[in-house]
Structure formats: structure tokens, C-alpha cells
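Examination of the molecular architecture
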Amino acid sequence: MGGKRGRTQRKHFRNSRENVWKKNRSDNPSSDNSSSELFAAQNLAFEEYYKEQGIVPQEEWDVYMEMLRKSLPAAFRINSSGQFFKDIRSQLENDFMKSLEAEVPDGELEAIRPLPWYPQNLGWHSNFSRMQLRKNQTLERFHEFLKQENEIGNITRQEAVSMVPPLFLDVHPHHFVLDMCAAPGSKTFQLLEIIHQSTEPGFLPDGMVIANDVDIQRCNLLIHQTKRMCSANLIVTNHEAQYFPRCHSNKNCLDISETESFEDPMISQLLFDSVLCDVPCSGDGTLRKAPDLWRKWNAGMGNALHRLQVQIAMRGIRLLKVRGRMVYSTCSMNPVENEAVVAEILRRCGGSVELLDVSSELPQLIRRPGLKKWKVRDKGIWLASYKDVPRYRRVAIVPSMFPSGSSSDTGNASSDGLQEDTGSLEDLDMGNSPSSGKRLKNGSNIDCEEGFGQLENFVIPTVVSDDEVSSLPLERCMRILPHDQNTGAFFIAVFHKLSPLPATLENQGQFASGKMELPKKLADELIEDTNESEINPSEDGGHHQYSEVTSDADLRGKQSEEGALEPDSNGIHQEKEPEESDIYGDGETSLESSINVKRKIQIQGKWRGVDPVVFFRDDTIISSIKAFYGVNESFPLDGHLVTRNPDPHHVKRIYYISKPVQDVLKLNFQAGQHLKITSIGLKTFERQTSREGTSTECAFRISSEALPLLLPYITKQILCASLVDFKHLLQYKSIRFADFVDAEFGEKASKLKLGCCIFVLRKGVGPSDPIQVDASTIAIGCWKGNSNISVLVTAIDCKELLQRLPVQSGNEKDYLSLEVDVTRPTDDDLDVNQEPGTIEQVPIG
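Bear in mind that the values here come from a model prediction, so they are computed numbers and not experimental data.

**Brief notes about the packing of aromatic side chains**
- Per the stated rule, a full pass over the model turns up 21 aromatic pairs.
- Relative to Tyr 656, the ring of Phe 635 has its centre 5.0 Å away and its plane inclined at 25 degrees; by these criteria the two rings are stacked. Note that Phe 635 is positioned in the loop between helix 20 (619-629) and strand 23 (641-643) and Tyr 656 in strand 24 (residues 653-656), a separation of 21 residues in sequence.

In C-alpha cells form, the structure reads like this:
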């Protein structure tokens, strides 16, 4: 019922109605004939709370509240590692900025503009809301541009403030990066861009990213989001962030079958140069894009999440290398979720960790300093100090929520030690687990102020003690407020690890790395038997595990409007994917992993219901791939190929992993497979199952995601095509050998072996010019049949390439007037039965 109400509210918001919503009829069935009761976009408890906390000066309060009630403008980011990112940036600067000027009312800012603080003009802000982009016919071309480029992966639609945390991580291409709460994946995508920046075609960076999320369905969303990046330097895991394992090499747990033929990994334990700790939060910084939060908000939401946030942040610090950097961030304005967590981390870590002053970084980003004093609101009462907390509330309200972090009663909950960090079994499960038990009606955790909303009769604030003021340098934190640069709200703190943590703190975290026995409840959850005969998604995000991805239809159903923030199954607000970026399959979702299909429960080490990750060592298949495509020996295949099927005779997909990912995977085997891996590496080869595929010399075709990586090393089954023939292939999808404009090219194509082949757009004038691969090289995967050549590229990707070709060839005047035929070929036009979703675009470079 709550979800239905939320959709109704968003519908009213999208339809340009006044920022109000209608109460669900089912809430009052006796009032069918009465007028609908309307709730304004306000919450008296919210206003009282933040006025008292003083997050903005009194003279700015009206402007601040006015901005919060306005819809959030759209924002997006250009993928800096994409082949056409310069063309897209030029199109925005020289085309859309000018053509959209007429759509902006006089006196307002530009229709679209680059975010002044984002490097290289790659982040963009639009003064049109999402709703305006969808409904205004004059904005249709710009809207279609955003949808197309987002789907392909050239841009990512992302809230502006959400782009900020990765920029403060100071990531370099050789860094090991952990994104602890990664779904839906926009920040992970951003981190991968930085890792791959300046990487030449055919080479991989020395760093990697591990993206983790607690919810398996959100992991699937994360996989689809990052799949557009085409990276062999990514691992996606499914763990509770506060228990993310730190793998240690352990010869007693060695899986000889997986590591016997390889050297020991270059790393002996899993630590990270950079950690992004974007924790679950109450989400009141997203009121502009999720107006139903006005009704749901109460101060108890932040209180209930505080301990979980501390636990996740402390786990991130433990996983951080000395001299590494961790960014802690939330989309909440609540100091209990922000400064209080930062202060507790500094107290626990002592001199091992410092809070960095990054005020000189991104100088054009307007930010406010962190607070040094705040109060805690509980059950309608203001609490200035922990000694003011009634004894019966000291389980819910803990010392670390207050500026001093101290307790006047040492017999009660302490802000130090294992009790606060691990707590009782009930405290261990603070809502980040799908199995969290007690919930309130609004989906929040226990101890929330149930029903304390805008209609509540307020308790007069009572302050027993003097206000506490923190002695820690919390002014180095950053709070981004909506009325400063027309954005959402965000909180960011940057930590630098100076030395190893004290031994007592390290010991407290050992249970998560497998060195100490887990509490029975957690151990049972980790190895829970999912003895299900069918793989069916759980509506409440329960323990059911799936293979690598769920069906595309399911994922499309899970995505609501762009950037909307909704409570997940645990009552925790996290980002959701854009509505426009409907997910289209790429062949990865097969009959094996589709829902409602019976299959044997897979086991990955101790993780039941998860497809295993195994090194692919079938020398016969590897040799046939090398021979068929003429793969140069300088390209390492041995030890870099993995599959998700332990039976080599039934492998459908082979993934390529980079050297750092290989090291982590080998370490994971040596540690006893502590990592629960849902996705790894880059899909590189796919078994050909068409009617002619079984008769080819090589049973595997090259996946288009891997073509940029493999292209410099391929010496066979590859031809250069003239611009006109390349265009014709993209337009008509299938061309007979005799119908190519370049007869010599058609003759060469007919002599290729039956199967997968690669066509490269010719740069030189002569047909015999050698193939030279660089960042500007454009290539597509094709299928050579008995009588024709058919492309393995989707219709929308054909359209994108056709639009970019005139720019690449210097005919920019043809760019906007180009007519594109995007009709899919019929079965009669093809010599190959492509599986659904296997026709894809090739982003080179």
C-alpha cells in the first residue's frame, strides 16, 4: 500500500501539478464521496528540527525552504573514457546550448550549462526538470539525445551532488578502490572512468574497483549500469558493508584446483588505496526529487541508522591502506548521520586517521563547513547531552550521537570498544541486512519516531544540559545545500589514514575477515541453505540468490523515475536508476538465469545459490580462439579467462580479467572464498549457437564489449572497410558480397572463414593501407555467412555510429540532417540466428 501511494504522489509531481499529493483512498474508505485531502509539501517536524540544528543561518531559511520545494533540475555526466566524448561535449557546447536558449524564460540562467566545478566540462546541469524534458515537445530532440547517449553509455544521468564524492577520493589508475554501498552504480561508473582514463587501446590499468551492495537485486542493477563501461577491472560483490571481508592468504584454505598452475598472487591481503563509503541514510537531501519524503520524514530515521553508519565507516577504515583516502558521504542533512559519525570515527581511531581539509579542491563548488554542535531529538524531546537520555532510551540513543561522544555513566553504553562496534546480535542487524526484523509502519527501523509528522502535536523542546561543542575539527567536513547552486543536499567528509589502527580496533574487526568465529546468527545467514527448486526473486529482498543477472523485464520494472530516492526493502533510502535508462540485455541473461526456470542450485565456495567463479583452462578451446582470430602472443590469455560454469563442455561465456583482478581472485581462493562474487571481469567470448555457428572452426565469437581490448592483437578475420561500405552495413544490417560498393572489399570478405569477423573503418585512402588501431579507431563485429555479411550491432547503436561518422570523417554539416534506417534485419537477411540482446555496439578506446 505504501508503494502504491508513492507512485500516485510521483505521478502528481510529474504532471506539473502543484507540489502536493492526494491521500490514498484506501486510507479512508468511508470518504469516497468527500473531497480528497491534500497534504502540502511541508513537514513542521522537519522545519523545527533543522532550524534548531542551525544548518543554515536564519536569514537564509526562507530561500532554503523555497528551493527544497522546487523540482530538481536534470544533470548528467559525459563518460570521459568513451570514444566519442569530445564529440558529445562539442555538440552540447555548440549545438544544444544555443538551440535551447529560446526555451528559457527571460531573466533565467542558461538552458543547459557545464557544472563549473566538474573537471573538463564533463558534468552538465539543465535548468529543465525531468518532467519538463518528458512533456515539452520543443525539448524532444534534447530529451532523445539524453536517452540514447545514456543507454549506450556515453553519458550517465546522475544528480549533480552525487558526482562530488568520487572527485575527492584522489583516485589514480593504479589504485585498488572499494565502493562499499555501490548500487545503483553511477559513482562506481565514475570511479571506473578515472581508473581507465589515459589507458591506450589494448592495455588495461594496474588498478581495479570492487563494487559491493547488500541487496542482490540492487547488485543486478549495479551490474547493468557498470556493464556499459566494458571494464575487465571490476568485481561486483554481495555483502553487508559492515562485514565486508578482508581476505588474508591462508594456505589451509587453499583451493588447489583453482590455483595450482598459477603463481601466488602479488597481494597477501585485500586492502584498498581508496574507499568510497556512501552509506545508507534517511535521504532528506533528496526531497526535491522524492517529494513523498515530506510526509515520511521524522527525526528518528537518522537516529536509527547512526550505528549502522558508524559500523560501515569503521569497516572502510580497517580496509584502507596506510596513506589511503576514504570519503564518507550521505544524501542526508542530519548531523546525527553526518558529523556525529565522523566524530565517532576520529575518536575510535585516535591519531591513526585524520580528517582532511579539502577546501582548496574544487574551488568552484560551494560548500558549507561541518557543524561543531548539534542536538539529538528523540520522542519529541531535545537532548543536548547523553546524560539527558532517559535510561530506558539508552539502547536506542547512544553517546556517539552527541558532539562530545562521552557518557556520564560508564555502566551504560559506551562510545568505545566492541559493544558499540559489534553490539549484541540485535545491534548487528541494523537494517543493512535483508533479514532485518522489526520495522515501523513507514518502513524505517526500530526506534524511529513512528507517526511523528506534520500533523503531530509537538512536545515543547526541553534542554537539560548546556549544549555540547565538539573539540574535533569537524569544520573540515562539507555540507552542500540546495539553494547554493540549485542542487540536492549532500554531506562529505574525507579521511586520510596515517598509520595502522590500534590493535584493539583491528581485533574487533577480525570476525568480518574470517579470523574469528562469527556469531551463530551471522554464520547461519552467510551459509543459509537456499534449497529452492526454482530461482524466483523475493519481493522483499530476502535471502534468495540468483545467477549473475535477473531478467531484463524484471529490472525494467524495478526502475522508477530518474534518480528517485525510495526506501528499499529495509526502509533505507538509496539512489535508484533513471527511468529513461531502461536496461536492454546483451545476451548475458540466458535461459539459465531467467526467472521461473528450474536449474540446479549453484555453489560458489560457501555461498549457496551463487554461480561459481572458475578459471577457464580448456587448452583446446583457447588454442582454437587464438588460431581463428590470429591473437598475438603478446596478449595474455592464460590465467586471465574465467567462467561461471564449472563444466568446461557447457561454458557459454568466457570473461577476461585484468592482472589486479586475477590477483584478488587468487587471493580469494587462498582465503577460502570469503568474497561472494556476483560479477567479475569483461565478457570476451560467447559460444556461437546459431544454425551455422556449430560448423565454424571456432565455437566462440568475440563479444563487442571486449573488441576495444582485443582489436590491437587480432591479425585474422579482420578487414578495413571504406566509409560508404561501413555506412551501408550499419544502415542495411546485412549486405551480400557482390553488393559492396568496393568490389575488392566484397571479394576479400567472401574469402573470410565462416564465423565472427571484424570490420574497421578505413582511415587511409588506399585499400591496402595497414590497419592502425588508436583511440579514434571505429570497428564493429560482424558475422560472415555463406553469401553475406551481417552486423552484430543493435539498432540504436547503429544509429549512434551513423550519427558520429560524418563528424569523424569531417562532414559535420551532415550531422543533424542524416536520415538513418534503424530497421532490424529479418531472419531471411541473416546467415546467423542471433540470440536476443547479442547484437551490440563497439565503443573503441
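Having put the structure on the table, let's press on.
**Structural notes on the sheet that holds strand 6 (residues 155-157)**
- Strand order in the open sheet made by the four strands is 4-5-3-6, with antiparallel pairing throughout. With one partner strand each, in any of the chains shown, strand 4 (112-114) and strand 6 form the two edges of the open sheet. Direction aside, neighbouring strands of the sheet carry axes that sit 25 degrees apart on average.
- Strand direction decides the pairing type here: strand 3 (residues 73-78) and strand 6, joined by three bridges, are antiparallel. For Arg 77, the partnering residue across the bridge sits in strand 6 and is Thr 156.
- Docked against the sheet, helix 4 (residues 85-99) engages strand 3, strand 4, strand 5 (123-129) and strand 6, running at close to 145 degrees with respect to strand 3.

**Considerations on the side chain of Thr 794**
- Structurally, the position occupied by Thr 794 is in the loop between strand 32 (788-791) and helix 25 (795-808).
- Here Asp 797 takes part through its side chain, which lies 2.5 Å from a polar atom of the side chain of Thr 794.

**Focus on the nonpolar core**
- Core analysis: the largest hydrophobic core is formed by 89 residues, its most contacted members being Phe 46, Tyr 64, Tyr 328, Val 342 and Phe 495.
- Setting aside anything within four residues of it in sequence, one finds Phe 495 in contact with Ile 317, Gly 324, Arg 325, Met 326, Tyr 328, Val 342, Ile 345, Leu 346, Val 353, Glu 354 and Leu 355.
- Listed in part, the 61 residues of the second largest apolar core include Phe 96, Leu 222, Ile 223 and Leu 356.

**With respect to helix 8 (residues 186-196)**
- In terms of burial, helix 8 is largely enclosed, as 11 of its 11 residues are buried.
- The positive-phi residue at the C-terminal boundary of helix 8 is Ser 198, with phi of around 70 degrees.

**As for the confidence of the model for the protein**
- Residues at a pLDDT of 70 or more form 68% of the protein, whose mean pLDDT is 76.
- Low pLDDT (under 50) marks residues 410-464, which in the prediction has 149 contacts with non-local residues, meaning those over four places away or in another chain.
- Here residues 811-845 scores under 50 on pLDDT; set against residues more than four positions off or in separate chains, the count is 105 contacts.

**Topic: the pattern of salt bridges**
- Inspection of every chain in the model, using the stated rule, returns 30 salt bridges.
- For Glu 339, the salt bridge goes to Arg 479, with nearest N and O atoms at 2.7 Å. Taken as a pair, Glu 339 in helix 13 (residues 339-349) and Arg 479 in strand 16 (residues 478-480) lie far apart in primary sequence, 140 residues in all.
- Assessed through its relative accessible area of 2%, Arg 479 is described here as buried.
- With its nearest N and O atoms 2.9 Å apart, the salt bridge here joins Arg 393 to Asp 378. Placement of the pair is Arg 393 in the loop between strand 15 (381-383) and helix 14 (417-421) and Asp 378 in strand 14 (residues 376-378), with a sequence separation of 15 residues.
- When its relative accessible area of 10% is taken as the criterion, Arg 393 is described as buried.

**What about the sheet that holds strand 29 (residues 734-736)?**
- The five strands are arranged 28-30-31-32-29 in an open sheet whose pairing can be described as mixed. One side of each edge strand has no neighbouring strand; the edge strands of this open sheet are strand 28 (718-721) and strand 29. The mean inter-strand angle of the sheet, taken between neighbouring strand axes irrespective of direction, is 30 degrees.
- Here strand 31 (residues 779-784) pairs with strand 32 via three bridges, running antiparallel. Bridged to Trp 783 within strand 32 is Ser 790.

**Examining the pairing of strand 9 (residues 234-237)**
- The side-chain alternation of strand 9 yields two buried faces, one formed by Leu 234 and Val 236 and the other by Ile 235 and Thr 237.
- Strand direction decides the pairing type here: strand 8 (residues 208-212) and strand 9, joined by four bridges, are parallel. Bridging across to strand 9, Val 209 finds its partner in Leu 234.
- You can see the chain leave strand 8, run along helix 9 (residues 216-227) and come back into strand 9, and the turn it takes is right-handed.
- The sheet contact formed by strand 9 and strand 25 (residues 677-680) spans three bridges and is antiparallel. Residue pairing across strands places Ile 235 opposite Ile 680, the latter belonging to strand 25.

Conventions we followed
Residues numbered from 1 in each chain as written. Predicted model: local features only at pLDDT ≥ 70, side-chain atom pairs only at ≥ 80, totals over all residues. Heavy atoms only, no water. Phe/Tyr/Trp six-rings, centres within 6.5 Å; stacked < 30°, edge-to-face > 60°. Helix = DSSP H or I, 4+ residues; strand = E, 2+ residues; numbered from the N terminus. Pairing = 2+ DSSP bridges. Axes fitted to C-alpha atoms, helices over the stretch in contact; angles between N-to-C directions. Contact = heavy atoms within 4.5 Å. Polar contact = N/O pair within 3.5 Å; in protein donor to acceptor, adjacent residues only side chain to side chain. Core = buried A, V, L, I, M, F, W, Y, C linked by side-chain atoms within 4.5 Å. Buried < 20%, exposed > 50% of the residue type's maximum accessible area, 1.4 Å probe, protein only. pLDDT = per-residue confidence, 0-100. Salt bridge = Lys/Arg side-chain N within 4 Å of Asp/Glu carboxyl O. Right-handed = clockwise from strand over helix to strand, strands pointing away.

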